[in-house]
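So you can see what is in the structure, the chains are spelled out below.
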Number of protein chains: 2
Amino acid sequence: MAKKELDLSTEEKIKEAARKVFTEKGFSAARTRDIAEEAGMNLALLNYYFRSKERLFDIIMIENIQKFVVAVKGILNNESVPLKMKVEQISSNYIDMLVLNPDLPLFILSELRANPERLIDRLGVKGFLFKSHYFKQIKEAAKNQEVNSLHFFINTMALIVFPFVASPLLKTIGDIKQDEFTKLMLERKKLVAKWVEAMLKAK
Amino acid sequence: MAKKELDLSTEEKIKEAARKVFTEKGFSAARTRDIAEEAGMNLALLNYYFRSKERLFDIIMIENIQKFVVAVKGILNNESVPLKMKVEQISSNYIDMLVLNPDLPLFILSELRANPERLIDRLGVKGFLFKSHYFKQIKEAAKNQEVNSLHFFINTMALIVFPFVASPLLKTIGDIKQDEFTKLMLERKKLVAKWVEAMLKAK
DNA sequence: GTCTATAGCGCGATAGAC
DNA sequence: GTCTATCGCGCTATAGAC
């Protein structure tokens, strides 16, 4: 425990390097040699600590997905927080996390495409969303609307996550620098809840 | 010309197969052997018609990106169409196209991450967006808002594209079947413009 | 635990017969 | 144009010295 925190163990160095290389290139394009080099050590150690490239990848991926769970844990089912404030908290937490890990959503979504259920099953979040108090609140707020309330859940996620997924395009097409992009994203922490509220009231 | 349309040439068969395999697996995970098999022919023919895997990929990718351009060509700069109607047309065209090619956005965005400018440069759409009449209209509509009007361009794209990017997750977490998903998406053809309008007016 | 060296194999690409 | 057979490389994984 204390020892690990002191010397940042070899195992942790490898994981750090793997996180970086996998996130940048995806599973198939990433090479174990890249990861070893990034970690400043030999290739053979990767297979000593983790049995294979695939096992290392799974560990990283699970941890990445957990970041999405952790960021809203404790918020979703807090029954004393009204919807608008809840959306504000969710946006704020997610955007802060995504500014630090901007490649995360695109990485997760593109790697999930190949085998969606293998990884999701292992997390046990299958019905999680629909059972949450948050989803009940959306339903309640959208009940005077004639459309499926799932749309508003999708829209909220879209406003929070999409800019990060599309950032390579935005930056290139719009000629936006990294710090401008970050500034724009931080502005959205307050705006998303306002926009969601407006959509819920729209007619 | 006429000949090609009649027999659906070998070259076209390969491109069709490549489109499918690349879109499903991404460049690195796709194998030329898969493409050849999918096209019902031998691996050697791939290199006879296209010099290499990379050249074949580039051709497919360019065509894919073109689909996004084609879907809004003629709309963006039509000065006689008011903003709300323009957003309706854009949503409608894009959603129709995306229902037919649901994997397209995730494919393009994840492959673009590696080399953003190499492919975009070849298309000459660099300043395209900001010069468009559509963008001027957004600016005009958002001028009483205190925030960067770029947000509203991002939001519109988010509402249209994000559900398709996140569909593997939505389907798994939300237990949504393919035809339910398609039905939901088609509903959005009319809704997006309404929502964008509401966000523009929000305070 | 960490290294070097290499096994073993799957990949993209090509030579050459038809 | 289309096939079979094969080259040669680069990858993951492992054996074995230290």
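Source: prediction; values computed, not measured. (Residues numbered from 1 in each chain as written. Chains lettered and ligands numbered in written order. Predicted model: local features only at pLDDT ≥ 70, side-chain atom pairs only at ≥ 80, totals over all residues. Heavy atoms only, no water.)

Trainee: Would you mind showing me how to read the packing of aromatic side chains here?
Mentor: Any pair of aromatic rings gets described here by the distance separating the centres and the angle formed by the planes. Residue and element names in this part refer to chain A. Applying the stated criterion across every chain yields a total of 20 aromatic pairs over all chains. Seen in terms of ring centroids, Tyr-48 and Tyr-49 are 5.2 Å apart; in terms of plane orientation they differ by 90°. Their pairing is edge-to-face. Its relative accessible area of 64% is what places Tyr-48 among the exposed residues. An aromatic cluster is present here, built from Phe-22, Phe-27, Phe-57 and Phe-107 joined pairwise through their rings. One cation-aromatic arrangement involves Lys-53 over Phe-27; the distance from NZ or CZ to the ring centre is 4.4 Å. (Phe/Tyr/Trp six-rings, centres within 6.5 Å; stacked < 30°, edge-to-face > 60°. Buried < 20%, exposed > 50% of the residue type's maximum accessible area, 1.4 Å probe, protein only. Lys NZ or Arg CZ within 6 Å of the ring centre and 35° of its normal.)

Trainee: Would you take a moment to explain the interface of chain B and chain A for this structure?
Mentor: Think of interface size as the accessible area that goes away when the parts come together; that is how it is often given. Each partner contributes residues to the interface: chain B has 54 residues there, and chain A has 54 residues. Note on chain B versus chain A: buried area summed over both sides is about 4,700 Å², and carbon and sulfur give 74% of it. Taken together, chain B and chain A are joined by 0 salt bridges. Across the contact surface, chain B and chain A share 8 residue pairs in polar contact (both at pLDDT 80 or more). (Contact = heavy atoms within 4.5 Å. Buried area = accessible area lost by both parts, 1.4 Å probe. Salt bridge = Lys/Arg side-chain N within 4 Å of Asp/Glu carboxyl O. Polar contact = N/O pair within 3.5 Å; in protein donor to acceptor, adjacent residues only side chain to side chain.)

Trainee: Looking at this structure, I do not really get the protein's contact with DNA strand D. What am I missing?
Mentor: Residues in close proximity to DNA strand D total 16 residues, the closest being Arg-31, Thr-32 and Arg-33 of chain A together with Asn-42 and Tyr-49 of chain B. Here the atoms of DNA strand D within 4 Å of the protein split so that 57% fall in sugar or phosphate, with bases taking the remainder. Within the side chain of Thr-32 of chain A, a nitrogen or oxygen atom sits 2.5 Å from a phosphate oxygen of DNA strand D. At 2.9 Å, a backbone N or O of Lys-53 of chain A approaches a phosphate oxygen of DNA strand D. When contributions to the surface near DNA strand D are tallied by element, the ones reaching two or more residues are α3 (32–38) and α4 (43–49) of chain A together with α4 (43–49) of chain B. With 4 residues, α4 of chain B is the largest single contributor of residues to the surface near DNA strand D. (Near = heavy atom within 4 Å. Helix = DSSP H or I, 4+ residues; strand = E, 2+ residues; numbered from the N terminus.)

Trainee: Help me out: how do you make sense of the pattern of salt bridges in this one?
Mentor: Charged atoms that come close allow side chains of opposite charge to pair. Residues and elements named next belong to chain A. For the structure on display, the rule yields 22 salt bridges over all chains. Between Arg-19 and Glu-16 there is a salt bridge, and its shortest N-O distance comes to 3.5 Å. Of this pair, Arg-19 and Glu-16 both sit in helix α2 (residues 10–29), separated by 3 residues, roughly a single helical turn. On the accessibility criterion, Arg-19 (13% relative accessible area) is buried. The residue Glu-63 makes a salt bridge to Arg-19 at a minimum N-O spacing of 2.9 Å. Of this pair, Glu-63 sits in helix α5 (residues 53–70) while Arg-19 sits in helix α2, placing them 44 residues apart in sequence. A relative accessible area of 28% means that Glu-63 is categorised as partly exposed.

Trainee: Even after reading the chapter, I still don't get the layout of surface pockets, so can you show me in this structure?
Mentor: A probe as big as a water molecule, rolled over the atoms, marks out the empty space that is left. One number sums up the size of the largest pocket: a volume of about 740 Å³. The wall of the largest pocket is formed by 32 residues, among which Lys-25 and Ser-28 of chain A together with Lys-25, Ser-28 and Ala-29 of chain B lie closest to the centre. Among the secondary structure elements, those contributing two or more residues to the lining of the largest pocket are α2, α5, α7 (104–114) and α8 (116–121) of chain A together with α2 (10–29), α5 (53–70), α7 (104–114) and α8 (116–121) of chain B. Here the residues of the lining of the largest pocket sort into 10 nonpolar, 8 polar and 14 charged. (1 Å grid on protein atoms, 1.4 Å probe; cavity = no way out; pocket = protein on both sides within 12 Å on 5 of 7 lines; lining within 4 Å. Points joined across faces, edges and corners; volume = space filled by probe spheres on them. Nonpolar A, V, L, I, M, F, W, Y, C, P; charged D, E, K, R; others polar.)

Trainee: Would you take a moment to explain the relation of the copies chain B and chain A for this structure?
Mentor: Two copies of the chain are present, and they differ by a rotation about an axis and a shift along that axis. After a rotation of 180° and a shift along the axis of 0.0 Å, chain B superposes on chain A with an RMSD of 0.0 Å. Taken together, the turn and the small shift mark the pair as related by a two-fold rotation axis. The overlap is high: 100% of the interface residues of chain B also sit at the interface in chain A, so the same surface is used on both sides. (Least-squares fit on C-alpha atoms with pLDDT ≥ 70 in both.)

Trainee: When you look at the confidence of the model for chain A in this model, what are you seeing that I'm missing?
Mentor: Predicted coordinates in areas of low pLDDT are best not read in detail. Per-residue confidence for chain A averages 92 on the pLDDT scale, and 93% of its residues sit at or above 70. Low pLDDT (under 50) marks residues 1–6 of chain A, which in the prediction has 2 contacts with non-local residues, meaning those over four places away or in another chain. (pLDDT = per-residue confidence, 0-100.)

Trainee: What am I meant to see in the protein's contact with DNA strand C here?
Mentor: Asn-42 and Tyr-49 of chain A together with Arg-31, Thr-32 and Arg-33 of chain B are the nearest of the 15 residues found near DNA strand C. The sugar-phosphate backbone supplies 55% of the atoms of DNA strand C found within 4 Å of the protein. Take Tyr-49 of chain A: an N or O atom from its side chain is 2.6 Å from a phosphate oxygen of DNA strand C. Those elements that place two or more of their residues in the surface near DNA strand C are α4 of chain A together with α3 (32–38) and α4 of chain B. For the surface near DNA strand C, the element with the most residues is α4 of chain A, which contributes 4 residues.

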